Amino acid sequence: MTLHLGYGTNGLTDLRLDDALGLLADLGYEGVGLTLDHMHLDPLAPDLAERTREVRRRLTSLGLRVTVETGARYVLDPRRKHGPSLLDPDPDARAARTALLVRAVDVAAELGAHAVHCFSGITPPDTSTDTAWKRLTEAITPVLDAADRSGIPLAIEPEPGHLLATLADFHHLRALLGDPDPLGLTLDIGHCQCLEEASPVQCVIDSAPWLRHVQIEDMRRGVHEHLPFGDGEIDFPPVLAALAATDYQGLTVVELPRHSHAGPELARTSLAFLRDATQKAMTTKATTKRGGAPC
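Remember, it's a predicted structure, so these values are computed and weren't measured experimentally.

S.K.: Could you give me a rundown of the overall build of the protein chain, with the residues and numbers involved?
M.R.: When its secondary structure is counted, the protein chain shows nine helices and ten strands. The C-alpha radius of gyration of the protein chain comes to 19 Å, within 12% of the 19 Å expected for a compact globule of 295 residues. Relative to its full complement of 295 residues, the protein chain shows a buried share of 54%. At a minimum sequence separation of 6, the contacts of the protein chain that also span at least 24 residues come to 74%. Summing over all exposed atoms, the protein chain offers an accessible surface of approximately 12,900 Å²; the carbon and sulfur share of this is 50%.

If you want it as structure tokens, here you go:
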């Protein structure tokens, strides 16, 4: 089993980016989910190109891989969480989100990232579902064009409460867009437990052809709360075994955005948990191959 484990900088916002990257490398992570935000590689501040090159040099020196994530809460609007979105009623506001995602693709290309993560946003009040999907397809098309030019896949995430909330919604978007090559999937394992009808294991199996980025944390059924491992309901060894069986080669990034106050310690314990769960998955697989029952 080969899984490439990373940790999201949105769970390390109390640390400078340089310190966060050093911490993750020292702990033994292979990569980082880098959320572009005002405290970590601000995508709207001056000298982005030079700052990006500095981060690339730091990542290279530490041997860390990277995914670019775009879930910063207030990077575009200090008063609206995740606003404006790709579904905003104001065309100029939608264009601002599109421009940010195109910029994220450019940053990802400079960093040598394996994907750029994004999400649809919540359907605004008094907006029909058909209108929302039309806005999404129009607003995301320039981002897909940029992704195609750069060779960096765009990995959209089904997010509870958003227009694109489930794996079925992801496939609906694919169909609306004509199944473009640059469009891939961010699979959040906790969201599978929270919302999907299928189990997290089955979600991994079903998603395999489109997997471009994976986020992982614990969660409970019906409650969208990212939890440290062991605080939720997910049985992780089978999930990790299923993920390894897909031959997915991207990062699997721990996603604990509301736990930055304990980020360094949770980064340590999360890696230990995932390594132990991976070992259990390998043991179970080996026992099953020999024809015996798992211990």
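S.K.: Describe the packing of helix H3 (residues 91-111) against helix H4 (residues 129-150), and please don't skip the residues or the numbers.
M.R.: In the contact formed by H3 and H4, the axes pass within 9 Å of each other and the chain directions differ by 20°. As summarised for this structure, H3 and H4 are arranged roughly parallel, according to the angle between their axes. H4 is crossed by H3, and the crossing has right-handed handedness. Every residue of H4 that contacts H3 at Arg94, Thr98, Leu101, Val102, Val105 and Ala109 is listed here: Arg135, Ala139, Pro142, Val143, Ala146, Ala147 and Ser150. Residue classes in the contact of H3 with H4 are distributed as nine nonpolar, two polar and two charged.

S.K.: Account for the environment of Glu265, naming residues and giving values.
M.R.: Along the chain, Glu265 turns up in helix H9 (residues 263-289). In this structure, the C-alpha to C-alpha distance between Glu265 and Ser207, residues 58 residues apart in sequence, is 31 Å.

S.K.: Summarise the nonpolar core; cite the residues concerned and give the values.
M.R.: Grouped together as the largest cluster of nonpolar side chains are 74 residues, with contacts concentrated most on Tyr7, Leu41, Val68, Leu111 and Ile189. Among the elements that make up this core, the one with the highest residue count is H4 (nine residues). Those residues within four positions of Val68 in sequence are excluded, and the remaining contacts are Leu34, Leu36, Ala104, Val107, Ala108, Leu111, Ala113, Ala115, Val116 and His117.

S.K.: I'd like to hear about unusual backbone geometry, residue by residue, with values.
M.R.: A cis amide bond links Gly83 with the next residue in sequence, Pro84, at an omega value of -15°. If you check the backbone angles, His82 has positive phi at about 60° while not being a glycine. Position of His82 relative to the elements: it lies in the loop between strand S3 (65-69) and H3. Backbone geometry at Asp247 places phi at a positive 65°, although glycine is not the residue there. Since its relative accessible area comes to 56%, Asp247 is described here as exposed.

About the criteria used
- Residues numbered from 1 in each chain as written.
- Predicted model: local features only at pLDDT ≥ 70, side-chain atom pairs only at ≥ 80, totals over all residues.
- Heavy atoms only, no water.
- Helix = DSSP H or I, 4+ residues; strand = E, 2+ residues; numbered from the N terminus.
- Rg over C-alpha atoms; globule rule 2.2 N^0.38 Å.
- Buried < 20%, exposed > 50% of the residue type's maximum accessible area, 1.4 Å probe, protein only.
- Contact = heavy atoms within 4.5 Å.
- Areas by Shrake-Rupley, 256 points an atom, 1.4 Å probe, with all protein chains shown as cover.
- Axes fitted to C-alpha atoms, helices over the stretch in contact; angles between N-to-C directions.
- Parallel < 35°, antiparallel > 145°, perpendicular 65-115°, else oblique.
- Left-handed = near helix turned anticlockwise from the far one by under 90°.
- Nonpolar A, V, L, I, M, F, W, Y, C, P; charged D, E, K, R; others polar.
- Core = buried A, V, L, I, M, F, W, Y, C linked by side-chain atoms within 4.5 Å.

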